[in-house]
Amino acid sequence: MLVYLSTVSRPVANEPGSGPRRRRFAMVSGNVVALGTVSLITDVSAEMVAAVLPLYLVLGLHLSPVAFGVLDGVHTGATALLRVVGGFAADRFRRRKLIAGVGYALSAVAKLGLLLAGRSIPAIGVVIAVDRLGKGVRSAPRDALITLSTPPEALGRAFGVHRAMDSVGAFLGPLAAFAVLLVVGQSYDAVFVTSFCVAALAVVVLVLFVREQPAGEAADGSNDPKVSVREAFGLLRGGPARRLVLAATMLGLATIGDGFVYLLLQRRLDLGLRWFPLLAVGTSLAYLVLAAPLGVLADRIGRLPVVIGGYTALGATYLLLAGPVDGWPLIALTLTLYGAFYAATDGVLIALAGPVLPARLRTTGIALVQTGQALAYLVSSVLFGLAWQAWGPENAIRAATVAVAGVLVGTLLLLASPSRLTTRRVPR
């Protein structure tokens, strides 16, 4: 069976098999809502820790910018290759829900690991790696479940709704950490224990309410042969998938990480330590408000323009951190633009990639895109930490702004030529 899918162009209205035009305005599926609920609860847990971790490491344990950059890179990039392993396993065994559940469970257990790690930097690094292993394993199967639960023409909306629910958790997590610290004082252990309990609840919701979605079935209802390693690597030989992975990798090089952004704000404004977790709340609020509208916009005008707009917002964020604006205007503008960056890129990039990939290899393909981003993020975090230490924070963030501009040019060259905006046939 053939499905006519566009790579990075504006979605085609009334495609064969896409249903009436009014389906664009239909609500997302129950599975997307269930996965959004799991992500919401998980993000409450994750952002509770993320909101206090920069303070704990830099001000509590006195890590240098370089050491923090390494740990921050590990937080996202060190387990990047395992994303591909998780994606391939989910496709081969057609157990996307199970693989995602393992990832969510690993991240929950890691919250308790922070208690055992104490003040040992190597142990904290191992615990962070386990937590990111969980995220790496679960992300591609989760996003594949969303694509398999949604018509191609509505993927922007589905990912927008999912990311909006996810951002509700990101909004509530720092508030929860702030509340815990307000009640018990500077007790990071209390934050870690509360975070574990919340993460465990997310695993329960996944088990009870998320449904597995079949993919790669033959027309007669029998299962196709299992996905092979050769078939999975074959994705990188295809033009559209290979260009998307390269573009995602370049875009990852432009991202320095939330911790650095918030530390720069705290340094510029000399914020009190107890207010530090609330910086993430501002970003999450902007993300929450913008995620669904930008997802719908991506379905209407094309996903690539929205992604490019998001990285433009990121460059503007960096310019603000190095510019003359100060006080509350700096906080409001920086956090709004940073939230807009996430809203325009996080789910929209996967929505752009999903239709390019055959359904039976979709989890693996999404994992390749995410792996490219994560590996690049690991490199960029370490490089930014080195630049901060060698040149100072202001010069380092100016260099990051130049990197964003260069990456945007490279992405447009890879994805935006007229010959790459045509509709293609992708075997299912």
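Just so we're clear, the structure is a prediction, and the values are computed from it rather than from any experiment.

### Overview of the overall build of the protein
Link 1 in the chain: Helix and strand counts for the protein come out as 15 helices and 2 strands.
Link 2 in the chain: Out of the 428 residues belonging to the protein, those deemed buried represent 56%.
Link 3 in the chain: Pairs at least 24 residues apart make up 85% of the contacts formed inside the protein by residues separated by at least 6 positions.
Link 4 in the chain: Only carbon and sulfur atoms are counted for the fraction: they give 69% of the accessible area of the protein, which is about 17100 Å².

### Points about the side chain of Thr317
Link 1 in the chain: Among the structural elements, Thr317 can be located in helix 12 (residues 303-322).
Link 2 in the chain: The residues touching Thr317, leaving out its near neighbours within four places in the chain, are Thr334, Leu337 and Tyr338.

### Observations concerning the packing of helix 10 (residues 258-269) against helix 14 (residues 362-391)
Link 1 in the chain: Contact geometry of helix 10 with helix 14 gives a least axis separation of 11 Å together with a crossing angle of 25°. One element, helix 10, and the other, helix 14, form an angle in the roughly parallel class. On helix 14, the residues that touch Asp258, Phe260, Leu263, Leu264 and Arg267 of helix 10 are Tyr377, Ser381, Phe384, Gly385 and Trp388.
Link 2 in the chain: Residues of the contact of helix 10 with helix 14, tallied by class, amount to 6 nonpolar, 2 polar and 2 charged.

### What about helix 6 (residues 155-184)?
Link 1 in the chain: With 30 residues, helix 6 should cover 44 Å at 1.5 Å per step; its first-to-last C-alpha distance of 43 Å lies within 8% of that length.
Link 2 in the chain: Of the residues trailing helix 6, Gly185 is marked for its positive phi of about 85°.

### Focus: the pattern of salt bridges
Link 1 in the chain: Across all of its chains, the model carries 6 salt bridges by this definition.
Link 2 in the chain: Notably, a salt bridge pairs Asp143 with Arg163, separated by 3.2 Å at the nearest N-O pair. Taken as a pair, Asp143 in helix 5 (residues 121-148) and Arg163 in helix 6 lie far apart in primary sequence, 20 residues in all.
Link 3 in the chain: Residue class for Asp143 comes out buried when judged on its relative accessible area of 0%.
Link 4 in the chain: Close ionic contact of Arg303 with Asp299 constitutes a salt bridge, the shortest N to O distance being 2.7 Å.

### Quick word on a nonpolar patch on the surface
Link 1 in the chain: A grouping of Leu201, Val204, Val207, Leu208 and Phe209 is seen on the molecular surface, where their side chains present a nonpolar patch of about 510 Å² in accessible area.
Link 2 in the chain: Among the secondary structure elements, Val204 is positioned in helix 7 (residues 188-209).
Link 3 in the chain: By relative accessible area, which is 44% here, Val204 ends up partly exposed.

### A few points about the packing of helix 13 (residues 327-353) against helix 14
Link 1 in the chain: Taken N-terminus to C-terminus, the directions of helix 13 and helix 14 make an angle of 135°; their axes are 10 Å apart at the nearest point. Here helix 14 runs oblique to helix 13, going by the angle between their axes. Once helix 13 is placed against helix 14, the crossing between them reads as right-handed. Facing Leu349, Ile350 and Ala353 of helix 13, the residues of helix 14 in contact are Ile366, Val369, Gln370 and Gln373.
Link 2 in the chain: In terms of residue class, the contact of helix 13 with helix 14 is made up of 5 nonpolar, 2 polar and no charged.

### Some thoughts on the confidence of the model for the protein
Link 1 in the chain: In this model, the protein carries a mean pLDDT of 79, and residues with pLDDT of at least 70 account for 83%.
Link 2 in the chain: Contacts for the low-pLDDT stretch residues 418-428, under 50 throughout, to residues beyond four places or in other chains number 37 contacts.

### Details of the environment of Ala351
Link 1 in the chain: You can see Ala351 is positioned in helix 13.
Link 2 in the chain: For Ala351, a relative accessible area of 0% puts it in the buried group.
Link 3 in the chain: A C-alpha to C-alpha distance of 5.6 Å links Ala351 and Gly156, two positions 195 residues apart in sequence.

### Focus: the packing of aromatic side chains
Two aromatic rings, taken as a pair, are described by how far apart their centres are and by the angle between their planes.
Link 1 in the chain: Counted under the stated rule, the structure contains 9 aromatic pairs.
Link 2 in the chain: Judged by centre distance (6.3 Å) and plane angle (90°), the ring pair of Tyr262 and Tyr338 falls under edge-to-face. Linking Tyr262 in helix 10 with Tyr338 in helix 13, this pair joins segments that are 76 residues apart in sequence.
Link 3 in the chain: For Tyr262, a relative accessible area of 7% translates into the label buried.
Link 4 in the chain: Each ring, one from Tyr338 and one from Phe341, has its centre 6.0 Å from the other, and the planes form 20°; the classification is stacked. Here Tyr338 and its partner Phe341 are both found in helix 13, 3 residues apart, which amounts to about one turn of the helix. Judged on exposure class, the residue Tyr338 and its partner Phe341 are both buried.
Link 5 in the chain: Every member of this aromatic cluster is reached through a ring pair, and the members are Tyr262, Tyr287, Tyr311, Tyr338, Phe341 and Tyr342.

### Observations regarding the environment of Val203
Link 1 in the chain: Inspection of the secondary structure puts Val203 in helix 7.
Link 2 in the chain: Note: C-alpha distance between Val203 and Gly103 (100 residues apart in sequence) is 9.5 Å.
Link 3 in the chain: Residues in contact with Val203, not counting those within four places in the same chain, are Tyr104 and Ala105.

Rules and cut-offs
Residues numbered from 1 in each chain as written. Predicted model: local features only at pLDDT ≥ 70, side-chain atom pairs only at ≥ 80, totals over all residues. Heavy atoms only, no water. Helix = DSSP H or I, 4+ residues; strand = E, 2+ residues; numbered from the N terminus. Buried < 20%, exposed > 50% of the residue type's maximum accessible area, 1.4 Å probe, protein only. Contact = heavy atoms within 4.5 Å. Areas by Shrake-Rupley, 256 points an atom, 1.4 Å probe, with all protein chains shown as cover. Axes fitted to C-alpha atoms, helices over the stretch in contact; angles between N-to-C directions. Parallel < 35°, antiparallel > 145°, perpendicular 65-115°, else oblique. Nonpolar A, V, L, I, M, F, W, Y, C, P; charged D, E, K, R; others polar. Expected span 1.5 Å × (residues − 1). Salt bridge = Lys/Arg side-chain N within 4 Å of Asp/Glu carboxyl O. Patch = residues over 30% accessible without salt bridge, like charges linked within 9 Å, V, L, I, M, F, W, Y side chains within 5 Å. Left-handed = near helix turned anticlockwise from the far one by under 90°. pLDDT = per-residue confidence, 0-100. Phe/Tyr/Trp six-rings, centres within 6.5 Å; stacked < 30°, edge-to-face > 60°.

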